[in-house]
Amino acid sequence: MKLIIAAIKPFKLEEVREALTTIGVRGMMVTEIKGFGSQSGHTEIYRGAEYAVNFVPKVKLEIVVNAAMADQVVETIQTTAKTDKIGDGKIFVLDVAQAVRVRTGETNEDAL
């Protein structure tokens, strides 16, 4: 099993969710986050004063899938979340040692 963590632009969330559902992803966790990378924040004007915004809002997706499906999920996120502008996000893939469904006690891929 693989854990796929993706940080994407917030306005792309619904489009990415629909694309993942289409390829068979049955669930994900979503968290609103702030961060910076190459984008390094930006400046905004509020009531006539200029402010540096060092952290950019993003949405973090956490998806656990069987290993055979991981590449397809990564490709789907990448193509759907892409805007060709700086700050499109990052995707990380990690190994998952164990998964348990709390309600039934099912384990590993049966728990997905």
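Thresholds, definitions, all that
Residues numbered from 1 in each chain as written. Predicted model: local features only at pLDDT ≥ 70, side-chain atom pairs only at ≥ 80, totals over all residues. Heavy atoms only, no water. Salt bridge = Lys/Arg side-chain N within 4 Å of Asp/Glu carboxyl O. Helix = DSSP H or I, 4+ residues; strand = E, 2+ residues; numbered from the N terminus. Buried < 20%, exposed > 50% of the residue type's maximum accessible area, 1.4 Å probe, protein only. Pairing = 2+ DSSP bridges. Axes fitted to C-alpha atoms, helices over the stretch in contact; angles between N-to-C directions. Lys, Arg positive; Asp, Glu negative; His and termini not counted. Polar contact = N/O pair within 3.5 Å; in protein donor to acceptor, adjacent residues only side chain to side chain.

Trainee: Looking at this model, I keep getting lost on the pattern of salt bridges. Mind explaining?
Mentor: Oppositely charged side chains may form a pair once their charged atoms are brought near each other. Here the structure, examined in full by the defined rule, presents six salt bridges. Of the charged contacts in the structure, one is a salt bridge between Lys2 and Asp95, with a shortest N-O distance of 2.4 Å. Note that Lys2 is positioned in strand E1 (residues 2-8) and Asp95 in strand E6 (residues 89-95), a separation of 93 residues in sequence. Lys2 sits in the partly exposed class, given a relative accessible area of 23%. According to the relative accessible area criterion, Asp95 is exposed, its value standing at 61%.

Trainee: Explain the sheet that holds E6 to me, please; I cannot follow it from the model alone.
Mentor: Strand pairing in a sheet relies on backbone hydrogen bonds. The paired strands run either parallel or antiparallel. Read from one edge of the open sheet, four strands run E2-E5-E1-E6, paired in antiparallel fashion. Only two strands of the sheet have a single partner each, and these edge strands are strand E2 (29-35) and E6. Pairwise comparison of adjacent strand axes, ignoring direction, gives a mean angle of 20° for this sheet. Of the strand pairs in this sheet, E1 and E6 are connected by seven bridges, and their pairing is antiparallel.

Trainee: Sorry, what's going on with the side chain of Lys58 here?
Mentor: Checked against the element boundaries, Lys58 lands in strand E5 (residues 56-65). Among buried Asp, Glu, Lys and Arg side chains, Lys58 stands out as unpaired, with Asp88 the closest opposite charge at 6.8 Å. Polar side-chain contacts of Lys58 include one of 2.4 Å to the backbone oxygen of Gly87.

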